[in-house]
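The primary structure of each chain is shown beneath.
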Number of protein chains: 2
Amino acid sequence: MRLTKSSRFEQVGAVQIHELQRVIEFDSGSTSPSVGSDTVLPAELNKIESQMCIVILCMNEEFKTIEGVLSGIPHDCLIIFVSNSERRPVDRYQVEVRLTQSFCKDANRLALAIHQKDRDVAKAFVATGAAELVDRDGTIHNGKGEAMVIGMALAAMTNRRYVGFVDADNYIPGSVTEYCKVFAAGLHLAASTNAMVRVAWNSKPKERHGRWMFDKKGRSSRDINEWLNNTLQEHSGFGTEIIKTGNAGEHAMPLELGLKLKFAGGFAVEPYELIYLLENGNGQAVTQAENPPFVGEVHIHQIETRNPHLHDNKGEEHVQKMRFQALNMLYHSNITPEPIRNAIQDLMVSEEALAKDQEPAKGNIYPQIGSLDLLMLYDMLNSDAKSFHQITGESCACSYSSALGPIDRGSIQST
Amino acid sequence: MRLTKSSRFEQVGAVQIHELQRVIEFDSGSTSPSVGSDTVLPAELNKIESQMCIVILCMNEEFKTIEGVLSGIPHDCLIIFVSNSERRPVDRYQVEVRLTQSFCKDANRLALAIHQKDRDVAKAFVATGAAELVDRDGTIHNGKGEAMVIGMALAAMTNRRYVGFVDADNYIPGSVTEYCKVFAAGLHLAASTNAMVRVAWNSKPKERHGRWMFDKKGRSSRDINEWLNNTLQEHSGFGTEIIKTGNAGEHAMPLELGLKLKFAGGFAVEPYELIYLLENGNGQAVTQAENPPFVGEVHIHQIETRNPHLHDNKGEEHVQKMRFQALNMLYHSNITPEPIRNAIQDLMVSEEALAKDQEPAKGNIYPQIGSLDLLMLYDMLNSDAKSFHQITGESCACSYSSALGPIDRGSIQST
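Residues numbered from 1 in each chain as written. Chains lettered and ligands numbered in written order. Predicted model: local features only at pLDDT ≥ 70, side-chain atom pairs only at ≥ 80, totals over all residues. Heavy atoms only, no water.

### Brief notes about the interface of chain B and chain A
In this complex, chain B contributes 46 residues to the contact, which on the side of chain A involves 46 residues. Of the roughly 3600 Å² buried at the junction of chain B and chain A (both faces included), carbon and sulfur atoms supply 55%. Sorting the residues of chain B by area buried against chain A places B:D27, B:W212 and B:R306 first, and these three jointly supply 16% of that buried surface. Of the charged contacts, one joins A:R109 and B:E25 as a salt bridge, the two residues approaching to 2.6 Å between their closest N and O atoms. Where chain B packs against chain A, one counts 20 residue pairs in polar contact (both at pLDDT 80 or more). Put simply, the parts of the chain that give the side of chain B that touches chain A at least two residues each are β4 (21–25), α1 (42–49), α2 (63–72), α3 (92–107), α6 (173–189), β11 (204–208) and β12 (211–215) of chain B. Per-element accounting of the side of chain B that touches chain A gives the leading share, five residues, to α2(B). Taken together, the residues that form the side of chain B that touches chain A break down as 16 nonpolar, 16 polar and 14 charged. (Contact = heavy atoms within 4.5 Å. Buried area = accessible area lost by both parts, 1.4 Å probe. Salt bridge = Lys/Arg side-chain N within 4 Å of Asp/Glu carboxyl O. Polar contact = N/O pair within 3.5 Å; in protein donor to acceptor, adjacent residues only side chain to side chain. Helix = DSSP H or I, 4+ residues; strand = E, 2+ residues; numbered from the N terminus. Nonpolar A, V, L, I, M, F, W, Y, C, P; charged D, E, K, R; others polar.)

Given below as structure tokens:
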């Protein structure tokens, strides 16, 4: 893979936000020298991929769409399928597991699958230190952030070093491959284990008046990026457009960083990762966290794909929900200065999402995965949670370091 | 890349048409064993790619679309850009050449570019044995088949072993990568140098009533496949659906086969390749060609992609043109029995494309590239044709066996 070089960055406390890089070639050959660009050789990509889990977040997607997404994930990545699909009247999750099994058999590979609303999954998280994750009805809250917590916890059990996230509502399998290769290339080029690679879609195609139009950004993304950039300006005084991936669903990081992150609930999860890093990045310029969990710098790498991103249009309400959930988190963050907080409140009032003088809601924030008892979590999932599947393809134990399947119990770190 | 196995085939004379294979994984890892599927390792793909020319056929596509297509072609393939874009009022071809130069500089690679309507290109083809290609106005006929003849001739000069064709009107760069990888995988798996790999698109997405619909086939493809399959049945007696890629724009072959092929003009070119092979495949069961140009078997491999194919809707007229141009060729072929010929004529009359009792038009058929004086063609293009560009990326001579650029004059075979 060949990328444009990213020589500029902005330092915000201890967080280094790197300028957007672009993909020049998906496949940059096996020997090609790089002069003005960054190339990552196939063997270098493969080295990361074979240490990477890819978490697929799924909710009622068409089965053919899911099949396409599976086919796009590079072979050496371990698939972690987290579903919140309906189980009644048709048990969609059961079909999803079957098609993942069938794919793994055809492709000779391993996967994990789990359902977000399995009561025994909820019980296991309560017992091991994440009671906040569970609703009064005894299941894990609905929401994307919550699904990512589950995915991150499973990734942490696999003994792999990296984790990446992709959405299942993606109609272009080749773009899934590009996301994973971008993750691998970005993580290879990153100088630090405190690095995060966030993907900016090239475009979102829509048919308008019988013609294909390629919009550069969704509205929610544009909006969130602007709020985050304005927040940065309040600190430095200098206007900036450095953040291009505030809402990036497709992103990856070393587990070393992942275990220290806190996830927000729902659609706030992706922008909150940035907010959390800025809050806790040990950066005196931004906040004075008492026990900063990160030592040294955190690097945010942003990479723009070549492929367009084609998914279902989820409508106006969905976009508003995403925006407001993210703004709630920004409002309550200690990185957010007064003028921005006021502006958020004014916006929500003007859009009738908030009564005058009311405060934006406090969203859920969940504990770091690193603080959970992962061994106990694994044992409880394994013995009780019927939706938890460890899928082994035909004769594929040999491709992995562990001969036991996706997870080797003996290597799970207990707290 | 991992493909389903294709164990079944139909033998038609000396032509073996293999059952459609499907892509299971784009990236099947670097060591993965294959049990029930065919895997092609990255090094095996790379070996073919570094011997392959990819001809891009372009006519007035958006520049951003072309950039995307270029980015999708694996690095080690040599790009051959054949354009029939407008040169007035804006010289689109000049912009196309500039952006190809800019891409080759960024990506450190080589390309050839040429314009279909350059009078000096026409002169060179007339002088070297393909006068049929040229119109009374002294330029090469418009048409896709004609552009492919030019591309094939340039490919034959490069001393590479394989040639593949892709269309420039493709909005998903990752699908271009998949086509090229499919070419490489198919050619690697093919047992013969008389092999052709033809791509079947997974689907064509369209937005209908605010929803994405993924049509399995375009109408023209369905129709042409049916006519070709019916023709096969007239010979064997047995009904068949084996041909799924009658109209495949994306296809590849060894130059050894390419030099022996005859191309038809316009949109008939892709189905005519099949018709020509059936006519000349040395197969007594089909025809008794007096001097069959092919010794031994010809293998047609058909591979279905995972990516959808997203391109502009060119309208009803375009579809009709494609169908009728192909049916003209089938009508006049000696593989076509009376009942099929009558049915073609009836169809055209009923659709008012033909007066009653009139014969379908005879389309143009061009000489084999192997019969041209390629060295003279190269010299004439090189010295006279202003639209002919040999593009070298920065410092990239080292990636190729020849240090001279895309074409090494000394290695062109003279007739």
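### So, the relation of the copies chain B and chain A
Screw-axis analysis of chain B against chain A gives a translation of 0.0 Å along the axis, an RMSD of 0.0 Å, and a rotation angle of 180°. Taken together, the turn and the small shift mark the pair as related by a two-fold rotation axis. For chain B, the smallest separation between a C-alpha atom and the rotation axis is recorded for B:G174, amounting to 2.5 Å. (Least-squares fit on C-alpha atoms with pLDDT ≥ 70 in both.)

### Quick look at the pairing of strand β13 (residues 251–254) of chain A
Residue and element names in this part refer to chain A. Burial along β13 is two-sided: H251 and M253 facing one way and A252 and P254 facing the other are all buried. Across four bridges, strand β9 (residues 162–167) lies against β13 in antiparallel orientation. Within β13, the residue paired with G164 across the bridge is A252. Pairing between strand β10 (residues 195–200) and β13: two bridges, direction antiparallel. Each residue of the ladder has a partner; that of R198, found in β13, is H251. (Buried < 20%, exposed > 50% of the residue type's maximum accessible area, 1.4 Å probe, protein only. Pairing = 2+ DSSP bridges.)

### A word on the nonpolar core
B:F125 and B:L381 are the most contacted members of the largest nonpolar core, which has 80 residues in total. When residues of this core are assigned to their parent elements, the largest contribution, ten residues, is made by helix α5 (residues 144–157) of chain B. Excluding anything up to four places from it in sequence, B:F125 contacts B:A130, B:A131, B:L133, B:I140, B:V149, B:I150, B:A153, B:L372 and B:L377. By size, the runner-up hydrophobic cluster in this structure holds 78 residues, among which are A:A124, A:L133, A:V149 and A:L330. (Core = buried A, V, L, I, M, F, W, Y, C linked by side-chain atoms within 4.5 Å.)

### Regarding the packing of aromatic side chains
Think of a pair of aromatic rings as described by two things: how far the centres are apart, and how the planes are tilted against each other in angle. All names here are of chain A. Under the criterion given, the structure shown has seven aromatic pairs over all chains. Summarising the aromatic geometry, the rings of F165 and F263 are spaced 6.4 Å apart at their centres and angled 80° between planes, so their arrangement reads as edge-to-face. Of this pair, F165 sits in strand β9 while F263 sits in the loop between α8 (255–258) and α9 (269–280), placing them 98 residues apart in sequence. Take F165: its relative accessible area is 0%, and that puts it in the buried class. With relative accessibility at 1%, the residue F263 sits in the buried group. The ring centre of Y331 lies 4.5 Å from the NZ or CZ of R341, which sits over that ring. (Phe/Tyr/Trp six-rings, centres within 6.5 Å; stacked < 30°, edge-to-face > 60°. Lys NZ or Arg CZ within 6 Å of the ring centre and 35° of its normal.)

### As for helix α3 (residues 92–107) of chain A
All names here are of chain A. Over its 16 residues, α3 extends 22 Å from the first C-alpha to the last, a length consistent with the 22 Å expected when each residue adds 1.5 Å. Restricting attention to buried positions, one finds in α3 the residues R92, Y93, E96, V97, L99, T100, F103, C104 and A107. What you see down the axis of α3 is that its buried residues fit within an arc of 165°, all on one side. Of the exposed residues in α3, those oriented more than 90 degrees away from the buried face are R98 and K105. For α3, the N-terminal cap is D91; the gap from its side-chain oxygen to the backbone nitrogen of Y93 is 3.2 Å. Phi turns positive, to about 60°, at N108, one or two residues after α3. (Expected span 1.5 Å × (residues − 1). Arc of directions from axis to C-beta.)

### Observations concerning the environment of B:L381
Residue and element names in this part refer to chain B. Of note, L381 is situated in helix α12 (residues 374–384). A relative accessible area of 1% places L381 in the buried class. L381 sits 69 residues away from D312 along the chain, and the two C-alpha atoms are 33 Å apart. Ignoring anything within four residues of it in the chain, the contact list for L381 reads I114, V121, A124, L154, M157 and F388.

### Looking at the pattern of salt bridges
Per the counting criterion, the structure on display carries 36 salt bridges over all chains. One salt bridge connects A:D120 with A:K123, and the closest N-O pair in it is separated by 3.7 Å. Here A:K123 and A:D120 lie together in helix α4 (residues 119–128), a separation of three residues that amounts to about one turn. A salt bridge links B:K216 to B:E304; the nearest nitrogen and oxygen atoms lie 3.7 Å apart. In this pair, B:K216 is assigned in the loop between β12 and α7 (219–236) and B:E304 in strand β14 (residues 298–304), connecting sequence segments 88 residues apart. Under the relative-accessibility criterion, B:K216 is labelled partly exposed at 45%. You can call B:E304 buried: its relative accessible area is 10%. Salt bridges sharing partners connect three or more residues here, namely A:R2, A:E25 and B:R109.

### Observations concerning the packing of α2(B) against α6(B)
Residues and elements named next belong to chain B. As a packed pair, α2 and α6 sit with axes 7 Å apart at the nearest point and diverge in direction by 35°. With respect to the hand of their crossing, α2 and α6 are arranged in right-handed fashion. Contact with α2, carried on its side by G68, V69, S71 and G72, involves P173, V176 and T177 of α6 and no other residues of that element. (Axes fitted to C-alpha atoms, helices over the stretch in contact; angles between N-to-C directions. Left-handed = near helix turned anticlockwise from the far one by under 90°.)

### A short note on the environment of B:G410
Structurally, B:G410 is set in the segment after β15 (389–392). It is 9.9 Å that separates the C-alpha atoms of B:G410 and B:M157, two residues lying 253 residues apart in sequence.

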